[in-house]
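# A look at the structure
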Amino acid sequence: MSGVVARVPAARRALTTGAVVAGSSLVSRFLALAVLAPAARCLNVGDFGAFVLVIGVSGSVGGVVGSAIADLVASGAVLHPVRTWRRIALCTAALAASGLVGAVCVALVRGDVAVWLTTALLATTGLAPFIVMHLLRGSGRPGLGACLAFVVSPVVRLGAVVVLAASGGGDLRRVLTALLWAAIACALLSCAVVWCDRPSGHRKPETGGPIVAPSPLALVAGVAVAIAFTLVGQAAPLSLSAFLGDPATGRFVPTARVCEAITAVGVGYQFVASRRAVDLSRPQVPVRVVGLLATSFGAATLVVLLVAPWALPVLLGPGHDLDVVVAMALVPAYFCTMMSAAEIQRLFLVRRHQRIVFASVLAAVMTAVCTPVATAWLGADGAAGATAAAALAWWVALRAPHRAPNRSDVTPEMTNTR
């Protein structure tokens, strides 16, 4: 009886932590949409297209690199806490220092060189909060790490752009410089968090059982997932910029971000799916939960399609309208991506890494090949359609039948879940 009583607080902490992580991810999606409003007020349509391309590329590169080391950092924080802490402390300090030095270099150069240098600095300096998030995940504070990466950092970026817009706006260079200094501030804050998280002995995680070092195939699967998500999310804007110019990207991205925000209704589903995957006596998510998700997603889509056509020009300014045809292709694309994310969580927990690698490589190759061709042929409509096709293929490949897992196959919740 005492064992059951002892497990109740642990289960409650796990549920609370999961809710905090899910809530932080939810908030980050709306903050990513909110930062577009002040930026659009500062920039013309062409510069706005370049702006969203820069933040998209820098965030994607940082996401791929961060995903590659996620499990190594989290498992190292438990298996070798002192050594891992020292390495992360040096890494975050180096990232913050490189950002400061880079900001000085950006001030000395001009033209496209400054834009691409700022993009590289945003990608590297912006890694610091995510690296610290993985460290805190391993040291038993995943909620704090998620708040740092998904809430605090986007709020700082939003604040920097809002202050710039309120002070009279500026050109693309000034907006990107403001974002760079916001990234530097977040890197310095990450250094402070790492210092406060100095290990005091071997700490057990709060969210599951013992942690083991990830297998090489699990690391490959994590990187494959990150690359697939990056290509599915960024191939269309990149193709539009290459074939039709930055103004086309500036008109496409608001519609894409609005459609992506609808996937916020799936955060709870992903949480339930990962919990069910651990319980092999009832591994499947109940049909009523899937039905509730589909109903909620459909209702949210209807609301967005009714409100966005007049809300986007009001929030972002003239020239930023909702493209209904693009939206009708991107809504199912993001639905499939959302369902793929939940399925990837389940497959990581039952160690189906080969399936994850195969499906993610398929989606990445389809996106990389089909999106540029469709964009050159059909423009924004083709880019959105190719994105939807790749996302659907990804979900179908992940959902292909496979044998039921044994209990010995299931990994702790600290495995790589995205």
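The text that follows walks through the structure, step by step, so that each part is easy to find.

The helix and strand tally for the protein stands at 15 helices and 0 strands. Out of the 418 residues belonging to the protein, those deemed buried represent 50%. Restricting the contact set of the protein to residue pairs at least 6 apart, pairs at least 24 apart contribute 84%. Here the protein displays about 18100 Å² of accessible surface, and carbon together with sulfur accounts for 71% of that area.

So, about the pattern of salt bridges. It is possible for side chains bearing opposite charge to pair when their charged atoms get close. By the definition in use, this model includes 3 salt bridges. In this structure, Asp 197 engages Arg 141 in a salt bridge whose closest nitrogen and oxygen atoms are separated by 2.8 Å. Here Asp 197, found in the loop between α8 (172-196) and α9 (216-244), pairs with Arg 141, found in the loop between α6 (127-138) and α7 (142-166); they are 56 residues apart in sequence, far enough to count as distant. When its relative accessible area of 4% is taken as the criterion, Asp 197 is described as buried. With a shortest N-O distance of 3.2 Å, Arg 399 and Glu 343 are connected by a salt bridge. Of this pair, Arg 399 sits in the segment after α15 (380-398) while Glu 343 sits in helix α13 (residues 324-349); the two residues are 56 residues apart in sequence, bridging distant segments of the chain.

Now for the packing of aromatic side chains. What the rule picks out here adds up to 5 aromatic pairs. On the numbers, 6.0 Å between centres and 85 degrees between planes, the contact of Phe 335 with Trp 395 is edge-to-face. Placement of Phe 335 in helix α13 and of Trp 395 in helix α15 is noted, with a sequence separation of 60 residues between them. Residue Trp 395 is classed as partly exposed on the basis of its relative accessible area, which comes to 22%. The cationic tip of Arg 198 hangs over the ring face of Trp 195; the distance from NZ or CZ to the ring centre is 4.5 Å.

Looking now at helix α10 (residues 246-261). Taking 1.5 Å of rise per residue, the 16 residues of α10 would be expected to cover 22 Å, and the 22 Å separating its terminal C-alpha atoms lies within 8% of that figure. A bend of about 25 degrees at Phe 252 is the largest found in α10, and the proline Pro 254 appears one to four places after it. Across the 16 residues that make up α10, a large majority, 12, are buried. Restricting attention to buried positions, one finds in α10 the residues Ala 248, Thr 249, Gly 250, Phe 252, Val 253, Pro 254, Thr 255, Ala 256, Arg 257, Val 258, Cys 259 and Ala 261.

With that out of the way, let us pick up the nonpolar core. In terms of nonpolar packing, the biggest core is built from 57 residues, with Leu 36, Phe 48, Phe 51, Phe 252 and Leu 330 touching the most fellow members. Excluding residues that lie within four positions of it along the chain, Leu 36 makes contacts with Phe 48, Phe 51, Val 52, Val 253, Arg 257 and Leu 316. Grouped together as the second largest cluster of nonpolar side chains are 16 residues, Val 73, Trp 85, Leu 135 and Leu 136 included.

Thresholds applied
Residues numbered from 1 in each chain as written. Predicted model: local features only at pLDDT ≥ 70, side-chain atom pairs only at ≥ 80, totals over all residues. Heavy atoms only, no water. Helix = DSSP H or I, 4+ residues; strand = E, 2+ residues; numbered from the N terminus. Buried < 20%, exposed > 50% of the residue type's maximum accessible area, 1.4 Å probe, protein only. Contact = heavy atoms within 4.5 Å. Areas by Shrake-Rupley, 256 points an atom, 1.4 Å probe, with all protein chains shown as cover. Salt bridge = Lys/Arg side-chain N within 4 Å of Asp/Glu carboxyl O. Phe/Tyr/Trp six-rings, centres within 6.5 Å; stacked < 30°, edge-to-face > 60°. Lys NZ or Arg CZ within 6 Å of the ring centre and 35° of its normal. Expected span 1.5 Å × (residues − 1). Bend = angle between axes of the 7 residues up to and from the residue. Core = buried A, V, L, I, M, F, W, Y, C linked by side-chain atoms within 4.5 Å.

Such coordinate-based values are descriptive only and should not be taken to indicate function.
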